[in-house]
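# A look at the structure
Residues per chain, in single letters:
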Amino acid sequence: MSETIASPSGRLAGKNAVVTGAAGGIGFETCVLFAREGASVLMADISGPGLDKAKQKLLDIVPKAVKVETKLCDVSREDDVAALIQHLDSWGGLDVIFNNAGIMHKDDDDAVNTPERIWDLTMAINVKGIWFGSKHAILSLRKHNKKKGSIINVASVVALVGSATPQLAYTASKGAVLAMTRELAIVHAREGFRFNALCPAPLNTPLLQDWLGDDKEKRLRREIHFPTGRFGEAIEQAQAVLFLASDESSFVNGTDFVVDGGMTKAYVTPE
Ligand code: NAD
């Protein structure tokens, strides 16, 4: 990829942004766009080696980024999330957080076969992690007397349409993210804090592709429902996150922002 220079007049110029799950597919692509558009970016992930690699890769792409730092964080632990967001106090406080970290466990299954341990783990990361990220973002915005802030929480299309390939804990967790985000959006609207949920379709990222592996049948079961005939790319989600993070979306609040190539609107798909 060719080098990009951070734009001092970019769409996120002057904003301090946190991205969780920053070493993974959507998170990393979002960090690149945020840095390119002039934001100072704090990349957070549970994987230290993943973060180191991701930061280096980002700086190869945007060598003149305003500021890029990394911080280890398990989003299911409130003290980790609090420390993550407080790290931005010396930057002038948070303006944007992309609560993106999430898991889809290989043992997640149907109502009968999903182990309780997997249910609890999925809820701890995918739901509680987003609550903690939202809570500490609100506290930071208030502490720094910010009159606006953008919080973007990752849900999924499975929060909107039923899937016959079960991942019950994952699906329930993403439904919770949608409902939680909607309520946060309404409660905090008068403070100028916007909350939107991103609903990606199945993507070409490790989260899903590792899970599908070489299983052609599992893969086809999904591909047949894509109007476009392909999985989505992480960068296509990141572009939507950039819009939601920027002031261009100043009147967009409480949405289920669907980026799915039309999948959730399809009755039948083209041959
Ligand atoms: P990914 O697996 O590529 O990246 C996820 C990142 O989150 C990884 O770097 C991982 O180390 C990190 N992570 C996992 N647990 C964590 C924790 N407890 N604390 C902090 N970081 C943690 O996944 P992705 O495809 O980029 O997905 C990102 C988000 O998008 C997830 O919430 C996922 O559920 C959602 N999503 C993905 C798809 C898809 O098809 N890939 C579809 C819909 C929604």
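This text follows the structure it describes.
Since this is a predicted model, take the numbers as computed values, not measurements.

## Considering the overall build of the protein chain
- Helix and strand content of the protein chain: eight helices and seven strands.
- Taken over C-alpha atoms, the radius of gyration comes to 18 Å for the protein chain, in line with the 18 Å a tight globule of 271 residues would show.
- Based on the C-alpha atoms only, the size of the protein chain along its principal axes is roughly 50 × 40 × 35 Å.
- Residues counted as buried form 49% of the 271 residues belonging to the protein chain.
- By element, 54% of the accessible surface of the protein chain is carried by carbon and sulfur atoms, the whole surface being about 12,800 Å².
- Positive and negative side-chain charges in the protein chain, numbering 30 and 33 respectively, have mean positions lying 6 Å apart.

## Things to note about the nonpolar core
- With 37 residues, the main nonpolar core has Phe34, Met43, Leu58, Val62, Phe98 and Ile152 as its most contacted residues.
- At the level of elements, strand E1 (16–20), helix H1 (25–36), strand E2 (40–45), helix H2 (48–61), strand E4 (96–99), strand E5 (149–154) and helix H8 (234–245) are the ones that each hand at least two residues to this core.
- The contact partners of Val62, leaving out residues within four places of it in the chain, are Thr4, Ile5, Ala6, Val32, Ala35 and Arg36.
- The next biggest cluster of nonpolar side chains, apart from the first, holds 32 residues, and it includes Ala101, Met123, Ile130 and Phe195.

## Here's the deal with a nonpolar patch on the surface
- Taken together, Leu160, Val161 and Val258 make up a surface patch of nonpolar side chains, about 180 Å² in accessible area.
- Secondary-structure assignment places Val258 in strand E7 (residues 256–259).

## Describing the packing of aromatic side chains
- Counting across every chain of the model gives three aromatic pairs.
- Between Phe226 and Phe231 the ring centres are 5.1 Å apart and the planes differ by 75 degrees, which places this aromatic pair in the edge-to-face class.
- When its relative accessible area of 6% is taken as the criterion, Phe226 is described as buried.

## Some words on the pattern of salt bridges
- In the structure shown here, the tally under the stated rule is 13 salt bridges.
- For Lys15, the salt bridge is made with Asp247, and the minimal N-O distance between the two is 3.1 Å. Taken together, the residues span a long stretch of sequence, with Lys15 in the segment before E1 and Asp247 in the loop between H8 and E7 at a distance of 232 residues.
- Note on Asp247: relative accessible area 37%, which makes it partly exposed.
- The residue Asp80 makes a salt bridge to Arg77 at a minimum N-O spacing of 3.9 Å.
- On the basis of relative accessibility, which here comes to 23%, the residue Asp80 falls in the partly exposed class.
- Among the ionic contacts, a cluster of salt bridges with common partners joins Lys15, Lys148 and Asp247.

## Here's the deal with the site of the ligand
- Near the ligand, the surroundings consist of 28 residues, among which Ile26, Asp45, Tyr170, Leu203 and Thr205 are the closest.
- Asp74 is positioned such that a nitrogen or oxygen atom in its side chain is 3.0 Å from a nitrogen atom of the ligand.
- In the complex, the protein chains occlude 91% of the 830 Å² of accessible area that the ligand would expose alone.
- Put simply, the parts of the chain that give the shell around the ligand at least two residues each are H1, helix H5 (168–187) and helix H6 (206–212).
- In terms of residue count, H6 provides more of the shell around the ligand than any other element does, three residues in total.
- For the shell around the ligand, the class distribution of residues is 18 nonpolar, seven polar and three charged.

## As for H2
- An ideal rise of 1.5 Å per residue puts 20 Å on 14 residues; H2 measures up with 20 Å between its terminal C-alpha atoms.
- Every buried residue belonging to H2 is among Leu51, Ala54, Leu58 and Ile61, and all of these are buried. Buried residues in H2, looked at end-on, bunch into an arc of 90 degrees, giving them a common side. Across from the buried face of H2, at angles greater than 90 degrees, the exposed residues are Pro49, Asp52 and Lys53.
- Contacts from the buried residues of H2 go to H1, E2 and strand E3 (67–72).
- Capping of H2 at its N-terminal end is provided by Ser47; its side-chain oxygen lies 2.9 Å from the backbone amide nitrogen of Gly50.

Calculation rules
Residues numbered from 1 in each chain as written. Predicted model: local features only at pLDDT ≥ 70, side-chain atom pairs only at ≥ 80, totals over all residues. Heavy atoms only, no water. Helix = DSSP H or I, 4+ residues; strand = E, 2+ residues; numbered from the N terminus. Rg over C-alpha atoms; globule rule 2.2 N^0.38 Å. Buried < 20%, exposed > 50% of the residue type's maximum accessible area, 1.4 Å probe, protein only. Areas by Shrake-Rupley, 256 points an atom, 1.4 Å probe, with all protein chains shown as cover. Lys, Arg positive; Asp, Glu negative; His and termini not counted. Charge placed at Lys NZ, Arg CZ, Asp CG, Glu CD. Core = buried A, V, L, I, M, F, W, Y, C linked by side-chain atoms within 4.5 Å. Contact = heavy atoms within 4.5 Å. Patch = residues over 30% accessible without salt bridge, like charges linked within 9 Å, V, L, I, M, F, W, Y side chains within 5 Å. Salt bridge = Lys/Arg side-chain N within 4 Å of Asp/Glu carboxyl O. Phe/Tyr/Trp six-rings, centres within 6.5 Å; stacked < 30°, edge-to-face > 60°. Near = heavy atom within 4 Å. Polar contact = N/O pair within 3.5 Å; in protein donor to acceptor, adjacent residues only side chain to side chain. Nonpolar A, V, L, I, M, F, W, Y, C, P; charged D, E, K, R; others polar. Expected span 1.5 Å × (residues − 1). Arc of directions from axis to C-beta.

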